[in-house]
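Summary of structural features
Read off the chains here:
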Amino acid sequence: MSQRTATRARTGHVLDEQAGRVLAAVEADPSAPVAVAIVAPGGYGKTTFLRALRRIYESAGVRVADQPGQDCAVLVDDAHTLPEDKLAALATASRLVITLRPWPRSPALTELTRSVGSTVMLTPLDRSQVRTLAAGVFGAAPAPELVEFLHTQTGGVPAFVDRVVKAMGTRPATELPEAALAAFRYDFDLLDADVLQYVLAAQAGAGLRTDLLASLLGSDANEVVTVMEAARATGLLGHDGALLPICHRAINAVIPAERGLAVRQRLAELLLERGESVLPLARSLLGSGVGGAGVAAAFHAAATEALTEDPALSAKLFAAAVAAGRPLVKSASGWARASALAGDLDSALRLADQAISGEDPAGRADGARVAATALAHRGQLGRSAELYRWSGDSSFAMIGMIGTGCLDQVPAPPSDKPPTLLDGAASLMAQGVRESVTGSPVEALSALVRAAGLLEPAGRGVLLPDSPAALAALVALQCGELGVAESVLDRAVAANMGGPLLATRHRLLQAWICMIRGRLTTSASILASTRPREPRDWLFAVALEVGLARRNSDVQTLRRIWSQACDAVVRHPVDLFTLLTLGEFVVAAAKLGDEARLGPHLLEAKALAARLGDPSLWLACLHWSNLHAAIVAEKPAQEHVKALSGNPSGFGQRLAEAAQCWLDLMAGKVDPVRAESAARGLHDAGMWWDGARLAGQAAIRTSDRKAMVTLLDCARELQGRQAAADPAPPTSAESPLSEREQEVAALVLQGMTYKQVGDQLFISAKTVEHHMARMRQRLGATSRSELLNQLRTLTARSPGSA
């Protein structure tokens, strides 16, 4: 039998092994002299130990007393509470066992423990001891997770473990019973006022800050140390001075909330006076209803601390500061910024207006910047630029003015602004946007990518009208550098640049790149994961839906969302940075025969471009879209080919060559070599879907069988499919269908029409119909429904179906 098991057998409790050895020695020879001091904080089992020792002595016929006498064993509990004269008298006993807490320690008690000679320091229960104690109450060994829960919550203090398991009774669970927490009321009632203050301060996280505690308790450092020792002696704190989790919960359960709040409020004010962080304490005071100038100032300081890392929390703290008595006008600009960073532009605009109406020049300027940012996200780029210029932020004003076609009104950058990361990035952003309309696309893209790199360390704490990563991606999309666009957006997403306000924009642009590359399923998945809240994001989201529906030849979906598209266009004025979306809408309008709805917006885009000198970089994709709109509507498209031919960039020349191929195809002229070259040029520029479609349409229209096969192979290669002859042998012994028939079957089973299947596989709808007829005949199906059922069975059985 182990020492621990033997101890439990004698006492009914799990005791420290050293204490168990003392019991064993006394039980072996009750008449032998013994002198032992048992030292431990409250709750460690000192009283339980003495009870067990008393039973042993009494069973052996030895008289037990609490003071020295003839032929008796002296057992004294809580010796630290005895007066000095009684302590001195105990030293004469031949059999003496005393228990005491580590504090208080009078000179007489120190002398007594020294004279005793043998001291046993009780320790908390380990996990195996907790398991043993709990098993004695539950009647069975508890689960490992329950043992871990009990040990973590109680710190292994025997009294607390016993309290919890008994309150659980026959229904053990990993939650603290209310009865166990309520039992702490007695423990707290016994505490000295200063010790209780200290315990509340420890709960607030200030348990080791002697400087703060001195101010809180109105004591000097030595007196604070004494209070700390007294608190640790209660057993409510661990050896590291931290409040045990169960005691933390018990304080909330049994001590009036106002006492704890008063301590937290005073600690927050003390930290504020010292210029230290008040965020943890202020967060704990949220929703408490405390008020006053001191706590209002603490809330305001905490809100400023949280602004960059947690803007939503910052906004709540600003609100709490105002509720606690801080004038709104003094918090309006910071609160507005926090709301904007958190994505709450309604509150940001309301609060920014309050700040602009105030008397503080700095607050007014900050409010104007917040309002300008919010308006940019809501599509009002012109008004945004005016507010930026009024606030003295010339870089962002320049971006807005160029975006609305006001190149001649661009303000000069100030020379006295501090060289912060944000100012450096804003300057590069303005330089990049200006270069994109007046200079080199390479220089423009370089400046914007460098601006994005500058802001990556700032992460979510930067308030921006648009991110440099988004602008870089737009420029890269317009000049065929999709790899650069993808890279800069990936880094922006990883850095959480701009926080929640710009997260959706970055994701939508990532979806756009996938759409251009023909990764339509991935694009749709990214789009589905976003929740656009502002007009600019909604415009891009709807344009993506339109673009995906068009590329999937899904006219039904296109018709369904067209009203949303028209609404999005109306809500967001045309600017330089939304021309990509306009291009998608133009093609969709032609497909639906509703070009008139977009006529005014196209005229506005044309006027905007004219004011900027018709920048070829921003117009290339729009001309490409207008070309396809004209082809769909069977209207002249030569002007767009001519405009693309005049574009000096390599990307523009690829588009021009592909555009001329499209015109030739529509005129019935197919040059297979030229078509394949143009298709591969589009693919090299990142336009994988467009390249594959050009090659596929050329294959359909050529009468040369060899050229058709070559172009179809090219189309499949560009779309990421493996080229194969048609018809092909079955892919497995289990399937009676050719590879092409299996491809057709899979798409039909997805619900696609013959036209959609043909567009996906670069064959005509009639050819799809022929494939379906052959499959029906081969499988012996008598109806379409029977054919579809057999195809589902074959698909589910195929090796790749999993």
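See above for the structure.
Being a predicted model, the structure only gives us computed values, none of them experimental.

1. Description of the overall build of the protein
The number of helices and strands found in the protein is 43 helices and five strands. What you see for the protein is a C-alpha radius of gyration of 40 Å, clearly larger than the 28 Å of a compact globule of 802 residues, by over 25%. When the backbone C-alpha atoms are referred to their principal axes, the protein occupies close to 125 × 80 × 35 Å. In the protein, which comprises 802 residues, the proportion classed as buried is 52%. For the protein, the exposed area adds up to about 34,700 Å²; of that, 51% sits on carbon and sulfur atoms.

2. A look at the environment of Trp662
Structurally, Trp662 is set in helix α36 (residues 650–666). C-alpha of Trp662 to C-alpha of His628: the two residues are 34 residues apart in sequence and 8.7 Å apart in space. Beyond its immediate sequence surroundings of up to four residues, Trp662 is in contact with Trp624, Leu627, His628, Ile631, Arg693, Leu694 and Gln697.

3. Here we look at empty space enclosed by the protein
Throughout the structure, instances matching the rule amount to six cavities of 30 Å³ or more. For the largest cavity, the calculated volume is near 230 Å³. In terms of lining, the largest cavity is formed by 21 residues, of which the most central are Ile516, Arg551, Glu584, Trp624 and Met687. Listed by contribution, the elements that provide at least two residues to the lining of the largest cavity are α28 (500–516), α30 (535–551), α32 (579–592), α34 (616–632) and α38 (688–701). Ranked by residues supplied to the lining of the largest cavity, first place goes to α34 with five residues. For the lining of the largest cavity, a count of residues per class yields 13 nonpolar, three polar and five charged.

4. Structural notes on the nonpolar core
Membership of the largest hydrophobic core comes to 248 residues, with the highest contact counts inside it found for Phe299, Phe585 and Trp624. With near-sequence residues (within four places) excluded, Phe299 lies in contact with Ala282, Leu285, Leu286, Val290, Leu317, Ala320, Ala321 and Ala324. With 18 residues, the next largest nonpolar core counts Val744, Met752, Ile763 and Leu794 among its residues.

5. Comments concerning the sheet that holds strand β4 (residues 95–100)
Reading across from one edge, β2-β3-β4-β1-β5 is the order of the five strands in this open sheet, with parallel pairing throughout. Because the sheet does not close on itself, it has two edges, and the strands there are β2 (63–65) and β5 (118–121). For this sheet the average axis-to-axis angle between neighbouring strands, irrespective of direction, equals 20°. Where strand β1 (residues 34–39) and β4 come together, six bridges link them in parallel fashion. Within β4, the residue paired with Ala35 across the bridge is Leu96. Sheet strands in contact with helix α3 (residues 46–59) are β1, β2, β3 (72–76) and β4, and its direction is about 160° off that of β4.

Definitions and cut-offs
- Residues numbered from 1 in each chain as written.
- Predicted model: local features only at pLDDT ≥ 70, side-chain atom pairs only at ≥ 80, totals over all residues.
- Heavy atoms only, no water.
- Helix = DSSP H or I, 4+ residues; strand = E, 2+ residues; numbered from the N terminus.
- Rg over C-alpha atoms; globule rule 2.2 N^0.38 Å.
- Buried < 20%, exposed > 50% of the residue type's maximum accessible area, 1.4 Å probe, protein only.
- Areas by Shrake-Rupley, 256 points an atom, 1.4 Å probe, with all protein chains shown as cover.
- Contact = heavy atoms within 4.5 Å.
- 1 Å grid on protein atoms, 1.4 Å probe; cavity = no way out; pocket = protein on both sides within 12 Å on 5 of 7 lines; lining within 4 Å.
- Points joined across faces, edges and corners; volume = space filled by probe spheres on them.
- Nonpolar A, V, L, I, M, F, W, Y, C, P; charged D, E, K, R; others polar.
- Core = buried A, V, L, I, M, F, W, Y, C linked by side-chain atoms within 4.5 Å.
- Pairing = 2+ DSSP bridges.
- Axes fitted to C-alpha atoms, helices over the stretch in contact; angles between N-to-C directions.

Remember, this is a structural readout, not a statement about activity or role.
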